[in-house]
Each structure stands twice: as C-alpha cells, then as structure tokens.
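Residue-level structure breakdown
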Protein chains: 2
Amino acid sequence: MRTEGRAKRLPRAVRERQIMDAAVDVFSRLGFHSASMDEISEVAGISKPMLYAYLGSKEELFATCIRREATRMMEAIATGVEPDQEPDVQLWSGLRAFFGFVGENRASWQVLHRQASTQGGPFAVELTDMRGRAVSLVAALLTQSTKAPATKLEAESLAAALVGAGESLADWWLDHPEEPAGVVAARLMNLVWMGFGDLVDGNVWHPPSRR
Amino acid sequence: MRTEGRAKRLPRAVRERQIMDAAVDVFSRLGFHSASMDEISEVAGISKPMLYAYLGSKEELFATCIRREATRMMEAIATGVEPDQEPDVQLWSGLRAFFGFVGENRASWQVLHRQASTQGGPFAVELTDMRGRAVSLVAALLTQSTKAPATKLEAESLAAALVGAGESLADWWLDHPEEPAGVVAARLMNLVWMGFGDLVDGNVWHPPSRR
DNA sequence: CCTGGTACCTACTCGCGAGTAAGACTACTC
DNA sequence: GAGTAGTCTTACTCGCGAGTAGGTACCAGG
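Residues numbered from 1 in each chain as written. Chains lettered and ligands numbered in written order. Predicted model: local features only at pLDDT ≥ 70, side-chain atom pairs only at ≥ 80, totals over all residues. Heavy atoms only, no water.

Concerning the protein's contact with DNA strand D
Applicable threshold: To be near a molecule or strand, a residue needs just one of its heavy atoms within 4 Å of it. Polar contacts here mean pairs of N or O atoms no more than 3.5 Å apart (in protein, one a potential hydrogen donor and the other a potential acceptor; neighbouring residues in sequence count only if both atoms are side-chain atoms). Going along the chain from the N terminus, every DSSP run of H or I of four or more residues is numbered as a helix, and every run of E of two or more is numbered as a strand. Three categories are distinguished: nonpolar for Ala, Val, Leu, Ile, Met, Phe, Trp, Tyr, Cys and Pro, charged for Asp, Glu, Lys and Arg, and polar for the others, with Gly belonging to the last.
Surveying the vicinity of DNA strand D reveals 24 residues, the closest of which are A:Lys8, A:Arg9, A:Ser47, B:Arg6 and B:Lys48. For DNA strand D, the backbone portion of the atoms within 4 Å of the protein, that is sugar and phosphate, comes to 56%. Note that a phosphate oxygen of DNA strand D is positioned 3.2 Å from one of the backbone N or O atoms of A:Ala7. Between DNA strand D and A:Leu10, the relevant distance is 2.9 Å, taken from a phosphate oxygen to a main-chain nitrogen or oxygen of the residue. Breaking the surface near DNA strand D down by element, the ones donating at least two residues are helix H1 (12–34) and helix H3 (48–55) of chain A together with helix H2 (37–44) and helix H3 (48–55) of chain B. A breakdown of the residues in the surface near DNA strand D according to their chemical character gives 10 nonpolar, three polar and 11 charged.

What follows is the structure in structure tokens.
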C-alpha cells in the first residue's frame with residue numbers, strides 16, 4: 001500500500017528479512033523466470049539497487065530463498081518426529097508435521113516444490129539437496145524397520161515414490177483447502193502403510209490409542 | 001549438422017512434424033522460458049518466420065506440444081489396460097504401460113511433467129486436463145473396486161497421491177536408468193497395493209500366475 | 001514465358017528486465 | 001558541525017529474445 005517516497009531507514013538485518021519475505025511471495029506466485037527484480041523490490045518497499053546490494057543477483061536471491069524455506073520445513077518435520085518410536089508412528093508424525101507446515105506456509109511450499117524443481121540453474125542444487133534429505137530420511141526409516149532384505153536402491157526408490165506422493169497430495173490439497181491437514185495426512189498414511197489392497201477390504205490404519 | 005543455406009522445400013504437414021519434434025526436444029532440455037524460438041527453429045532446420053507461420057506464437061507452440069505428447073501417453077496407457085479385469089491387474093497394467101512410455105519417451109515426459117506443471121500460462125490448461133484424466137481414471141478404479149463407502153474427495157485425493165508417486169518415481173528413474181521398467185513399476189505396485197506395513201513383514205504382491 | 005501461390009529467407013523493431021553509475025539523505029561520533 | 005559510514009534513490013546501459021516487414025527461390029498451370 002506504500003505508493004511513493006523514500007523508505008524509512010532500517011537496519012540491514014531487518015531489511016533483508018523483509019526482502020526475503022517479498023521474494024518468496026513473488027517467486028511463489030510467478031516462478032523464477034517470470035518474477036522480476038523490479039516487482040520484488042516494489043513488494044519489499046525498496047528500490048532495486050538495495051536488493052542487489054544486500055542479496056546479490058537474482059539467482060543468488062532465489063537460492064537463498066530456497067535454502068531458508070527448505071531449512072524451515074525440514075526443521076518443522078524433524079521436531080515432529082521422535083526417532084525411537086515405532087516406524088509407523090514415526091511416519092505418521094512426519095506426515096502430520098509435513099502437511100501442517102504446508103498448510104501454514106503455502107508460499108514456501110510453492111517456491112520449494114513447483115518453482116525450484118524446474119530450472120537446471122545453480123539453485124537446483126539446494127532443492128535437490130533438500131529433497132534428497134527427505135528421501136534419505138524415509139529410506140532410512142524403511143530400511144531400519146524392514147525384516148526382509150531390501151537393496152539400497154529399492155528402499156530409495158520407494159522413498160522417492162512416497163515423497164512424491166506427499167508432494168502431489170500437498171498440491172492437490174492446495175486446490176481443496178476445506179480439508180483439514182490431519183485428514184489429508186491420514187489418507188496418505190493409510191495409502192502407503194496399508195495399501196489399496198487393504199483399503200479395498202475396509203482395513204484402515206489408525207494411530208495407537210493415546211497413552 | 002546443417003550449417004547454412006536454404007532448406008529443402010517440403011510440404012507443410014511434414015515440416016510441421018519436424019518442427020514439433022524439435023520443439024519437444026528443446027522445451028524438454030531447457031524449459032519453456034529458457035527455450036528460445038531461435039533455437040527451436042535452428043534445431044528444426046528452418047528459419048524463425050516459418051515457425052510463426054506454421055505453429056503460431058511461442059505459447060501456442062508449447063500448448064500444441066503438450067497436447068500432442070499428452071495424447072500419445074494417455075493412449076499408450078489406455079491400450080495397456082483391459083477394463084473388465086480385477087482392479088489390481090488393471091492397476092498393474094496401467095503402471096507398466098506408464099513406465100514403459102516414460103522409458104521410451106524421456107523428452108516427452110520431461111515436457112509433460114517438469115516443464116508444463118510450472119508455468120501458470122494458458123497451456124497449464126492442457127496439462128491440468130491430462131493430469132485430471134489420469135487422476136479420474138485411478139479414482140474410478142478405486143471407487144469401483146472398494147467395498148467400504150468412500151467419499152468422492154477421498155478417492156480423488158488418494159488417486160492424486162498415487163499419480164504423484166508415479167510421477168516422482170518416474171523422475172527418480174531418470175537418474176537411475178539401469179533399472180528396468182518392469183522392476184520400477186512392480187515396486188510402485190507393491191507400495192500402493194500392499195503398503196509399507198505388509199512390505200515390512202515381507203509380504204509382496206505379485207501378478208496372478210500366467211494363464 | 002508469365003502469373004500466381006506456397007515454401008522459405010535476411011534483417012530488422014521493440015519492449016522487457018538484469019544489472020549499474022553516481023549521488024543524496026540520515027545518523028552517529030568526536 | 002565536520003567527517004564518515006551506512007541507507008536509499010533516480011535514471012540510466014545493454015543484451016536477449018519475441019515477433020514482423022518485405023522480400024527471394026521454386027513449382028504449378030495456362
């Protein structure tokens with residue numbers, strides 16, 4: 001709603017946060033290429049040279065956005081999971097934390113999933129890295145809990161599929177926001193833990209009774 | 001390998017196919033924004049005005065590419081599935097057809113999945129449409145086969161998750177091409193039909209014995 | 001050999017957006 | 001109140017790429 005005039009003087013750290021917030025917003029709406037530095041600076045309420053002085057080039061800025069949002073998300077998930085519980089409970093906690101985060105951070109999710117995965121730029125590294133961490137996490141969970149001997153490749157590919165299912169369901173959820181996070185998470189949990197085979201027969205998974 | 005000179009005169013229909021092939025190739029490698037009409041015309045072996053005369057603007061061209069590749073893929077899947085078999089067999093056939101197609105049409109898949117899903121342009125319609133058809137297909141399969149009463153929303157979201165898992169696994173596969181299509185398809189089949197719960201216990205799904 | 005129509009080209013225009021030069025305004029310090 | 005360090009701006013340059021104007025080669029049929 002600011003129209004014109006000089007921006008109020010603010011310490012660098014504060015400005016940088018504002019700019020990052022604006023950048024995530026714009027990138028999430030328009031994608032990397034279509035987002036212009038002019039628009040980001042406008043949304044942030046400052047002029048373009050400030051942008052360059054503080055955050056560097058457009059690619060650097062984007063990479064920084066991804067790193068920040070990825071970290072926030074991974075932390076949200078990690079704090080939701082307790083590592084010495086049963087595998088299914090761990091998975092359940094992770095899923096709930098994931099959908100909880102997405103629900104409260106639509107823009108972050110858009111940047112992370114839709115935008116970053118596309119371009120083969122230098123920032124793809126950041127994204128691939130985060131996704132890799134997520135996949136490894138799930139793969140480890142699976143490997144550790146399975147009794148049947150499973151190859152590394154097998155666990156990894158299953159984890160990739162699961163992560164993809166989560167991403168896709170999160171996207172679907174953006175178009176059906178009336179559903180609560182817990183319900184969506186529970187559905188995915190049932191799919192990947194019970195499988196269609198059981199669901200078709202009416203067998204569902206439910207969390208262990210409280211306490 | 002053509003360096004210069006006038007291109008050989010060819011009937012319009014043939015040229016259009018050549019151009020489309022070139023466009024799919026370039027779009028798949030660079031994405032919509034980074035791909036330039038200059039490069040596409042160069043790869044196609046003709047000059048830019050021809051491109052515009054035949055296929056219209058860049059956006060129209062891209063939309064046309066998506067439509068063509070989407071149709072090819074949906075047909076490949078449809079011909080692989082026989083609609084009055086058991087649900088699990090139908091799903092299995094569909095998955096095999098899908099991974100078979102992706103394996104033999106990397107470029108098409110890149111265009112369809114990575115590139116098209118990103119941009120919010122007018123072509124997003126084409127993509128959303130195809131994805132929607134795939135989701136409906138799976139949702140119908142699920143609804144029809146389940147005994148427990150399931151809401152439309154529930155079936156649709158599960159289908160979305162499954163489709164997403166397939167997409168994600170296909171992407172993972174691009175980075176691990178040494179695995180045969182059937183193995184990858186079987187893994188996903190096991191995940192979504194049996195679920196982790198069963199897999200952890202060593203129960204696997206396998207196709208009904210041949211004949 | 002002319003007349004048209006279709007394939008095809010070179011050589012532009014023109015806007016958009018990344019990045020910058022050069023300076024102006026504010027605030028703190030001694 | 002003069003120096004100086006950090007914040008912030010206006011007003012550019014400049015390349016890239018979408019889209020086009022205005023042709024040239026080639027092949028009919030008359």
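Brief notes about the relation of the copies chain A and chain B
Selection criterion: Least-squares superposition of the copies uses the C-alpha atoms of those residues scoring a pLDDT of at least 70 in each of them. What makes two residues a contact is simply this: any of their non-hydrogen atoms within 4.5 Å.
Expressed as a screw transformation, the operator carrying chain A onto chain B has a rotation angle of 180 degrees and an axial translation of 0.0 Å, and the superposed copies differ by an RMSD of 0.1 Å. What we have between these two chains is a two-fold relation. Same-surface contact between copies: 100% of interface residues of chain A are shared with the interface of chain B.

Observations regarding the pattern of salt bridges
Residues and elements named next belong to chain A. Threshold: Salt bridge criterion: a side-chain nitrogen from Lys or Arg within 4 Å of a carboxyl oxygen from Asp or Glu. Partly exposed describes any residue whose relative accessible area lies between the buried limit of under 20% and the exposed limit of over 50%, with all areas from a 1.4 Å probe on protein chains only and scaled to the type maximum.
Taken as a whole, this structure holds 22 salt bridges over all chains when the rule is applied. Where Arg68 meets Glu69, a salt bridge forms, and the shortest distance between an N and an O atom there is 3.0 Å. Of the residues examined, Glu69 reaches a relative accessible area of 1% and is grouped as buried. Linked through salt bridges whose partners overlap, the residues forming this network are Asp21, Arg68, Glu69 and Arg72.

Topic: the packing of aromatic side chains
Two aromatic rings, taken as a pair, are described by how far apart their centres are and by the angle between their planes. Put simply, the test is: Ring pairs are drawn from Phe, Tyr and Trp, using the six-membered ring of Trp, whenever the two centres fall within 6.5 Å, and their geometry is named by plane angle: stacked under 30 degrees, edge-to-face over 60, tilted for the rest. Consider the ring centre and the ring normal. A charge sits over the ring if Lys NZ or Arg CZ is within 6 Å of that centre and within 35 degrees of that normal.
If you walk through the whole model with that rule in mind, you get 12 aromatic pairs over all chains. Aromatic side chains A:Phe32 and A:Phe62 sit 4.9 Å apart centroid to centroid with 45 degrees between the ring planes, which places their arrangement in the tilted category. Within this pair, whereas A:Phe32 is found in helix H1, its partner A:Phe62 is found in helix H4 (residues 58–80), the two being separated by 30 residues in sequence. With a relative accessible area of 0%, A:Phe62 lands in the buried category. Here the aromatic cluster, defined as three or more aromatic residues joined through ring pairs, consists of A:Phe98, A:Phe99, A:Trp109 and A:Trp173. Cation over ring: A:Arg106 sits above A:Trp173, and NZ or CZ is 5.6 Å from the ring centre. Cation over ring: B:Lys58 sits above B:Phe32, and NZ or CZ is 4.7 Å from the ring centre.

Quick notes on the packing of helix H6 (residues 106–115) of chain A against helix H8 (residues 152–174) of chain A
Residue and element names in this part refer to chain A. In plain terms, the rule: Fitted lines through C-alpha atoms serve as axes, helices being fitted only where they are in contact, and the angles separating the N-to-C directions of these axes extend from 0 to 180 degrees. Angles are sorted into four bins: roughly parallel if under 35 degrees, roughly antiparallel if over 145, roughly perpendicular if 65 to 115, and oblique for all others. Rotating anticlockwise by less than a right angle from the far helix to the near helix defines a left-handed crossing, while the corresponding clockwise rotation defines a right-handed one.
Closest axis-to-axis distance for the H6/H8 pair is 11 Å, and the angle between their directions is 135 degrees. Comparing the axis directions of H6 and H8 gives the class oblique. Between H6 and H8 lies a crossing whose hand is left-handed. Contacts between H6 and H8 involve Arg106, Trp109, Gln110, His113 and Arg114 from the former and Glu167, Ala170, Asp171 and Leu174 from the latter. Here the contact of H6 with H8 is composed, by residue class, of three nonpolar, two polar and four charged.

Re the side chain of A:Asp171
Residue and element names in this part refer to chain A. Within the secondary structure, Asp171 sits in helix H8. Judged by relative accessible area, Asp171 falls into the buried class, the value being 11%. Those residues in contact with Asp171 that lie beyond four places of it in its chain are Trp109, His113 and Arg114.

Notes on the UniProt feature "domain: HTH tetR-type" (unreviewed entry) in chain A
Short version of the rule: UniProt positions are given in the numbering used here, feature names are shortened, and annotations may be inferred rather than shown by experiment.
In this structure's numbering, the residues bearing the UniProt feature "domain: HTH tetR-type" (unreviewed entry) are residues 13–73 of chain A. Between the end C-alpha atoms of residues 13–73 of chain A the distance is 22 Å, and the span holds 89% helix and 0% strand.

Some thoughts on the environment of A:Ala70
Residue and element names in this part refer to chain A. Looking at the secondary structure, you find Ala70 in helix H4. Owing to a relative accessible area of 3%, Ala70 belongs among the buried residues under this scheme. A C-alpha to C-alpha distance of 23 Å links Ala70 and Pro180, two positions 110 residues apart in sequence. Sequence-distant contacts of Ala70, defined by excluding residues within four places in its chain, comprise Leu112 and Met130.

Description of the interface of chain A and chain B
Heads up, the rule is: As used here, buried area is the combined drop in accessible area, with a 1.4 Å probe, of two parts when they are placed together.
At the interface, 43 residues of chain A touch 44 residues of chain B. Taken over both partners, the interface formed by chain A and chain B buries close to 3,700 Å², and the fraction arising from carbon and sulfur atoms is 64%. For the pair chain A and chain B, the number of links is zero salt bridges. There are 11 residue pairs in polar contact (both at pLDDT 80 or more) connecting chain A and chain B. For the side of chain A that touches chain B, the secondary-structure elements that each account for two or more residues are H1, helix H7 (124–145), H8 and helix H9 (181–200) of chain A. Ranked by residues supplied to the side of chain A that touches chain B, first place goes to H8(A) with 13 residues. Of the residues that constitute the side of chain A that touches chain B, the class distribution is 19 nonpolar, 14 polar and 10 charged.

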